[in-house]
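# Architecture at a glance
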Amino acid sequence: MSIFMIGTQRSGSNLLRLMLNQIGDLAAPHSPHILQRMMPLLPSYGDLSQTDTFTLLVNDVCRLVELNPVPWEGVNLDTKEVISLCREQSLVAIFASVYDIMAQTWGAQQWCCKSLANVYYLPEITAYLENAKFIYLYRDGRDVAVSFKKAVVGEKHFYHIAQEWAKAQRLALQMRSRLSPDRFFSISYETLISSPETTLQDLCNFLGVQYTPEMLDFHQSQEASNTATSSSLWSNVTQPVIKQNTKKFLQEATDEEILIFELVAGDVLDALGYERVGILKGKEIKFSSTAIAKFNAINQSLKAEVRQKMDPEDLKRRDRQATLLKEIKARQTVVA
């Protein structure tokens, strides 16, 4: 069975995937973000029905996985094997084949991809994997924004973070309205950390797997250790569940930042049951082009500042995938 987490980063996806990884028959590796990284590049490959073109794409995907900041222990991807498992010549087929090989290597019958950006590729996923299940993991967007401001990835200004967060939640909520309850399960980060055992039991029932108390021992696993040492982003995964890790924006965000977020994404906060604190519903205003230009400049400055402060080893691990993607783009420019 194929399982997909969808939503927005900084919402607890590594926590949840490490919990799921404790289930013996389910493999939930750190994601190389295959669809997120490769889908934008896909048009430049050309006709995938051509054997050479499709083989090139398979090779590139395999290299992307091999360069993942958190390695897939013991997994060796062979191009011919990946191709043999594809039911069609598409990126989603390659993606599924790679995950099938990973699961088989890890002795599991099911796999979970925790790349929350898969929310942007739901039509392609459901067209190829008709029985796929989806876990919609969401978190108060204002706490997501606080986390992104400190993270080594992503946007840094509340205006930009709110835009991306709202877009992803809307797509997920649209999918929830279309799929039956046996294929779509919603979890808030706040519920997961406040009532982890009950939440995981409900999730296991949805997935048709046996709940085990070892799921709460995720922080003691080798995979948690491998993840924590790969980036400061995931340093908390070697600790037990931090039950009070909510509403941080009330202490760490300014009144202006909270107001900006609620002006951009207040309707989505409402839909998910999060209380506004900055602007009442119906009192929203639109930002001027001058204000947005200012936000853009601040965002770029903050991103550059964060990158300068990154741990060199963390940066090196991330740059391996980035270098590959630059190589692919450069190759495609030459071909064009």
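Anyway, here's the lowdown on the structure attached to this text. Please read all numbers here as calculations on a predicted model, not as lab measurements.

## Some remarks on unusual backbone geometry
Although it is not a glycine, Arg 10 adopts a positive phi angle of roughly 65°. Positionally, Arg 10 belongs in the loop between β1 (2-7) and α1 (13-20). Even without a glycine there, the phi angle at His 33 is positive, about 60°. Of note, His 33 is situated in the loop between β2 (26-27) and α2 (34-38). We classify His 33 as buried; its relative accessible area is 8%.

## Thoughts on the nonpolar core
Judged by nonpolar contacts, the single largest core of 81 residues is most densely connected at Ile 34, Met 38 and Trp 111. Among the elements that line this core, the one with the most residues is helix α5 (residues 91-105), at eleven residues. Within the second largest apolar cluster, 33 residues are counted, among which are Leu 16, Leu 20, Ile 23 and Leu 200.

## Quick notes on the sheet that holds β2
Strand pairing in a sheet takes place through backbone hydrogen bonds and is either antiparallel or parallel in direction. On the basis of which strands lie adjacent, the open sheet formed by five strands has the order β2-β3-β1-β4-β5 and parallel pairing. Only two strands of the sheet have a single partner each, and these edge strands are β2 and β5 (184-188). Note: β1 against strand β4 (residues 133-138), five bridges, orientation parallel. Opposite Ile 6, over in β4, you have Tyr 136 as the bridge partner.

## Brief notes about the packing of helix α8 (residues 158-178) against helix α13 (residues 255-271)
With their axes 9 Å apart at the nearest point, α8 and α13 run at an angle of 5° to one another. Between α8 and α13, the angle falls in the class roughly parallel. Side by side, α8 and α13 meet where Phe 158, Tyr 159, Ile 161, Ala 162, Gln 163, Trp 165, Ala 166, Gln 169, Arg 170 and Leu 173 of the first sit next to Glu 257, Ile 258, Ile 260, Phe 261, Val 264, Ala 265, Asp 267, Val 268, Leu 269 and Ala 271 of the second.

The rules behind each value
Residues numbered from 1 in each chain as written. Predicted model: local features only at pLDDT ≥ 70, side-chain atom pairs only at ≥ 80, totals over all residues. Heavy atoms only, no water. Helix = DSSP H or I, 4+ residues; strand = E, 2+ residues; numbered from the N terminus. Buried < 20%, exposed > 50% of the residue type's maximum accessible area, 1.4 Å probe, protein only. Core = buried A, V, L, I, M, F, W, Y, C linked by side-chain atoms within 4.5 Å. Pairing = 2+ DSSP bridges. Axes fitted to C-alpha atoms, helices over the stretch in contact; angles between N-to-C directions. Parallel < 35°, antiparallel > 145°, perpendicular 65-115°, else oblique. Contact = heavy atoms within 4.5 Å.

Scope: geometric values only; no functional claims are made or implied.
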